[in-house]
Amino acid sequence: GAVVSQHPSWVICKSGTSVKIECRSLDFQATTMFWYRQFPKQSLMLMATSNEGSKATYEQGVEKDKFLINHASLTLSTLTVTSAHPEDSSFYICSARTSGRDEFFGPGTRLTVL
Amino acid sequence: GQSLEQPSEVTAVEGAIVQINCTYQTSGFYGLSWYQQHDGGAPTFLSYNALDGLEETGRFSSFLSRSDSYGYLLLQELQMKDSASYFCAVNRDDKIIFGKGTRLHILP
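Residues numbered from 1 in each chain as written. Chains lettered and ligands numbered in written order. Predicted model: local features only at pLDDT ≥ 70, side-chain atom pairs only at ≥ 80, totals over all residues. Heavy atoms only, no water.

### Some points on unusual backbone geometry
1) Next: Cis geometry is adopted by the peptide bond preceding Pro 8 of chain A, which originates at His 7 of chain A and carries an omega value of 0°.
2) Next: You can see Pro 8 of chain A is positioned in the loop between strand S1 (4–7) and strand S2 (10–13).
3) Next: Positive phi values are uncommon outside glycine, yet Ser 69 of chain B reaches one of about 50°.
4) Next: Along the chain, Ser 69 of chain B falls in the loop between strand S7 (60–65) and strand S8 (70–75).
5) Next: The backbone phi angle of Glu 77 of chain B is positive, close to 45°, even though this residue is not glycine.
6) Next: Mapped onto the elements of the fold, Glu 77 of chain B is located in the loop between S8 and strand S9 (84–92). (Helix = DSSP H or I, 4+ residues; strand = E, 2+ residues; numbered from the N terminus.)

Below you can see the structure in the form of structure tokens.
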């Protein structure tokens, strides 16, 4: 099956700093990628839809200036959490859609903001 | 809008059968999916029902009744490795909307 990777798998940062998370489709091209956030024991909540070569579409309530998304190529999307605060600590998961419209998930990135 | 309801937790015994129910309310329905997620891991796709009836994949089966807005995931011959969270999900506006998840605890 299609493989999606994320880097880093976990990160700890100080409050006020920015953190970049990468999502890569390793063996297929993905014109559309998605970013989710998951708090402990809760569901995956869609944050934004990332389309290659265009601006991301954010879900209601998600601050686009805080969560910067760049989808510069067909195999890479990045999520930058700017000026991170402890409440941003969460599990961030990306997914990538194949041309057949199947969606495959990355392994997630655990962000801890001190 | 849309909502998906599923039990928060279910407990079963190794080797037994367990059913996880999901009811949904959604504007525009394109099928019900099920995902498995182990702690700290990524969701993995289990099954998809677009039409009424039962879909079987090995030890896992999924059922859908569109008239009742209801589906379930059936896990047979439970193994300890099946301990995980299970999410039902629907597609809306070309996006996946997940239920809150059911934590499955398996007792030896």
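### Brief notes about the sheet that holds strand S8 (residues 76–81) of chain A
Residues and elements named next belong to chain A.
1) Next: The 4 strands lie next to each other as S1-S3-S8-S7, forming an open sheet whose pairing is antiparallel. Of all the strands in the sheet, the pair left with one neighbour each is S1 and strand S7 (67–73). Along the sheet, successive strands turn relative to each other by an average axial angle of 15°, direction set aside.
2) Next: Here S7 pairs with S8 via 5 bridges, running antiparallel. In the strand pairing of S8, Leu 68 is matched with Thr 80. (Pairing = 2+ DSSP bridges. Axes fitted to C-alpha atoms, helices over the stretch in contact; angles between N-to-C directions.)

### Describing the state of the cysteines
1) Next: Per the stated rule, a full pass over the model turns up 2 disulfides over all chains.
2) Next: The partner cysteine of Cys 23 of chain A in its disulfide is Cys 94 of chain A, sulfur to sulfur 2.0 Å. The sign of the 80° torsion about the S-S bond sets the Cys 23 of chain A-Cys 94 of chain A disulfide as right-handed. Placement of the pair is Cys 23 of chain A in strand S3 (residues 19–25) and Cys 94 of chain A in strand S9 (residues 90–97), with a sequence separation of 71 residues. Grouping residues by exposure puts Cys 23 of chain A and Cys 94 of chain A together as buried.
3) Next: Each disulfide pairs two cysteine sulfurs, and for Cys 22 of chain B the partner residue is Cys 88 of chain B, the sulfurs being separated by 2.1 Å. Disulfide Cys 22 of chain B-Cys 88 of chain B: torsion about the S-S bond near 75°, hence right-handed. Taken together, the residues span a long stretch of sequence, with Cys 22 of chain B in strand S3 (residues 18–26) and Cys 88 of chain B in strand S9 at a distance of 66 residues. (Disulfide = S-S within 2.5 Å. Buried < 20%, exposed > 50% of the residue type's maximum accessible area, 1.4 Å probe, protein only.)

### So, the packing of aromatic side chains
1) Next: All chains considered together, the criterion is met by 12 aromatic pairs over all chains.
2) Next: Ring-pair connections join several aromatic residues into one group, and the members of that group are Tyr 36 and Phe 105 of chain A together with Tyr 35, Phe 45, Phe 87 and Phe 98 of chain B.
3) Next: Across the ring face of Phe 67 of chain A, the terminal group of Lys 66 of chain A is positioned such that the distance to the ring centre comes to 6.0 Å. (Phe/Tyr/Trp six-rings, centres within 6.5 Å; stacked < 30°, edge-to-face > 60°. Lys NZ or Arg CZ within 6 Å of the ring centre and 35° of its normal.)

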